[in-house]
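# Fold and contact review
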Amino acid sequence: MVRTIEQTKAAVTDPAARLSRRLASHQAVHDPQREPRNRLRWLKPVQAWQTQRLERSFARFLQDPARRPAANFFLSDVYGDRDFSQRDADIAKVMPMMQRLLPSALVATVADGIELGALTHALDLRMAQALQRLAPRRRRIDEALYAKAYREVGLRRLRMRQIELIDHVGQGLASALRMPGVSMLLKLSRVPAKAAGLGELQVFLERGFEAFAGLDDAQAFLADIRHNESVAMARLFAGEKDPFQID
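The shown structure was predicted, so the numbers you read here are calculated from the model rather than taken from an experiment.

Looking only at helices and strands, the protein features 13 helices and zero strands. Its helices and strands taken in sequence order, the protein reads α-α-α-α-α-α-α-α-α-α-α-α-α from the N to the C terminus. Buried positions account for 45% of the 247 residues belonging to the protein. Taking contacts inside the protein between residues at least 6 apart in sequence as the whole, the part at least 24 apart equals 73%.

So this is what it looks like as structure tokens:
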């Protein structure tokens, strides 16, 4: 069957279709049968190191009572070292219902979150592979070794896309707070979601809403994250000393 131009455009822009593709990519990149680099010994250490680095970079946010919930949400649910397979399985089960009940913008935000997770993991696999080449006998990562592996992997455009997706997820949740009825819909769906075994997805959405509801200025918070991560990326590629030291 040949698609028309209009059908092709609809498939690209339809949030549910995009979410379905992102889920398939996420599952593929995490599957050790389809992606053997998931078995590399450096994968878990590099993911743990990056989580600790993010916690250090987010220290200023975590010390601010207004920003702390949103910062914790990013560290634990968006950009952290967690197994999101149950949440993604939940989403796969309820995609038709999500399409009917949730605003398309919120479905797009969930798709952004899944894309971010898949892209982050794909980059982690490349980092683990680079570390295996650069330091096959070492057991610990330090800043200099991490930076060397980062430059070896390269892929500046994908690193920029990673930062963009962090911003998109935050922007989507902040915008959803202003949508009439979405907050009430989440509250009403709490019990049915748990009964249907969809607790992980429900918790993800509720935590995101609660985190951003307490922010006085979501745009400023997200702008700070974009700035900090963009500066760190530029310094890593430039080989500068102390790349994660943000002025």
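Following the structure, the description resumes.
Moving on, we come to the nonpolar core. F58, F74, F212 and F221 are the most contacted members of the largest nonpolar core, which totals 36 residues. Among the secondary structure elements, those contributing two or more residues to this core are helix 2 (15-30), helix 5 (68-78), helix 7 (104-134), helix 9 (156-176), helix 12 (199-213) and helix 13 (218-238). Of the residues forming this core, the biggest block, eight residues, is contributed by helix 7. Ranked by size, the runner-up nonpolar core spans 25 residues in total, among them L131, A135, A147 and L236.

Phi angles above zero are rare outside glycine, and L155 is one such case at about 60°. Tracing the sequence through the fold places L155 in the loop between helix 8 (143-153) and helix 9. On the accessibility criterion, L155 (31% relative accessible area) is partly exposed.

Once that is clear, we can look at the environment of A59. Mapped onto the elements, A59 comes out in helix 4 (residues 59-62). The partly exposed category is assigned to A59, whose relative accessible area is 27%. Through-space distance from the C-alpha of A59 to that of A71 is 9.0 Å; in sequence the pair is 12 residues apart.

Axis separation between helix 2 and helix 7 bottoms out at 9 Å; the angle between their running directions is 20°. Looking at the two axes, helix 2 sits roughly parallel to helix 7. As for how helix 2 packs across helix 7, the hand of that crossing is left-handed. Grouping the amino acids of the contact of helix 2 with helix 7 by side-chain chemistry returns 13 nonpolar, six polar and four charged.

Take helix 7 next. Spanning 31 residues, helix 7 covers 44 Å between terminal C-alpha atoms, matching the ideal 45 Å at 1.5 Å per step. With respect to burial, helix 7 is a largely interior element, 22 of its 31 residues being buried.

Applying the stated rule across the entire model yields 12 salt bridges. D112 is the partner of R18 in a salt bridge, and the nearest nitrogen-oxygen pair spans 2.4 Å. One end of the pair, R18, is in helix 2; the other, D112, is in helix 7, with 94 residues separating them in the sequence. For the pair R18 and D112, one class covers both residues: buried. The shortest N-O distance in the salt bridge between E164 and R161 comes to 3.5 Å. Linking E164 with R161, this pair stays in helix 9, spanning three residues, or about one helical turn. Salt bridges here are not isolated pairs; linked through shared partners, they connect R18, R22, D112, E115, R161 and E164.

With that out of the way, let us pick up the confidence of the model for the protein. Of all residues in the protein, 75% have pLDDT values of 70 or greater, and the mean over the chain is 80. Within the protein, the lowest mean pLDDT, 41, falls on helix 1 (residues 5-13), and the highest, 96, falls on helix 8. Overall, residues 1-12 carries pLDDT values under 50, and its contacts beyond four positions in sequence, including any with other chains, amount to seven contacts.

Before going further, it helps to spend a moment on helix 8. Considered for burial, the residues of helix 8 that qualify are L145, Y146, A147, A149, Y150 and V153. Buried-residue contacts for helix 8 involve helix 3 (43-57), helix 7, helix 9 and helix 13. By the N-cap criterion, in which a side-chain oxygen at the helix start approaches the backbone nitrogen of a residue two or three places on, helix 8 is capped by D142, the distance to A144 being 3.3 Å. Positive phi appears at G154, one or two residues downstream of helix 8, with a value of about 70°.

What counts, and where the lines are drawn
- Every chain's residues receive numbers from 1 upward, in the order its sequence appears when written.
- The predicted nature of this model means local features are confined to residues of pLDDT at least 70 and side-chain atom pairs, given and counted, to a pLDDT of 80 or more, with totals for whole chains, interfaces and linings taken over all residues.
- Excluded from the side-chain calculation are hydrogens and water; included are all heavy atoms of the structure.
- Secondary structure elements follow DSSP: runs of H or I of four or more residues count as helices, runs of E of two or more count as strands, with numbering from the N terminus.
- Each residue is placed in one exposure class: buried if its accessible area under a 1.4 Å probe, protein chains only, is under 20% of its type's maximum, exposed if it is over 50%, and partly exposed if it falls in between.
- Contact criterion: two residues are considered in contact whenever any of their non-hydrogen atoms come within 4.5 Å of each other.
- The nonpolar core is taken to be a set of buried Ala, Val, Leu, Ile, Met, Phe, Trp, Tyr and Cys residues, with the residues joined through side-chain atoms within 4.5 Å.
- Angles shown run from 0 to 180 degrees and are taken between the N-to-C directions of axes, each axis being a line fitted to C-alpha atoms and, for helices, limited to the stretch in contact.
- The cut-offs work like this: below 35 degrees is roughly parallel, past 145 is roughly antiparallel, 65 to 115 is roughly perpendicular, and the gaps in between are oblique.
- By definition, turning the near helix anticlockwise from the far helix through less than a right angle yields a left-handed crossing, and turning it clockwise yields a right-handed one.
- Three classes are used: nonpolar for Ala, Val, Leu, Ile, Met, Phe, Trp, Tyr, Cys and Pro, charged for Asp, Glu, Lys and Arg, and polar for all others, with Gly counted as polar.
- What a helix should span is 1.5 Å times the count of its residues minus one.
- What makes a salt bridge here is a side-chain nitrogen of Lys or Arg within 4 Å of a carboxyl oxygen of Asp or Glu, nothing more.
- A residue's pLDDT is the confidence the predictor assigns to it, expressed on a 0 to 100 scale.
- Pairs of N or O atoms within 3.5 Å make up the polar contacts considered here, provided that, within protein, one atom can donate a hydrogen while the other can accept it, and that residues adjacent in sequence are counted only when both atoms are side-chain atoms.

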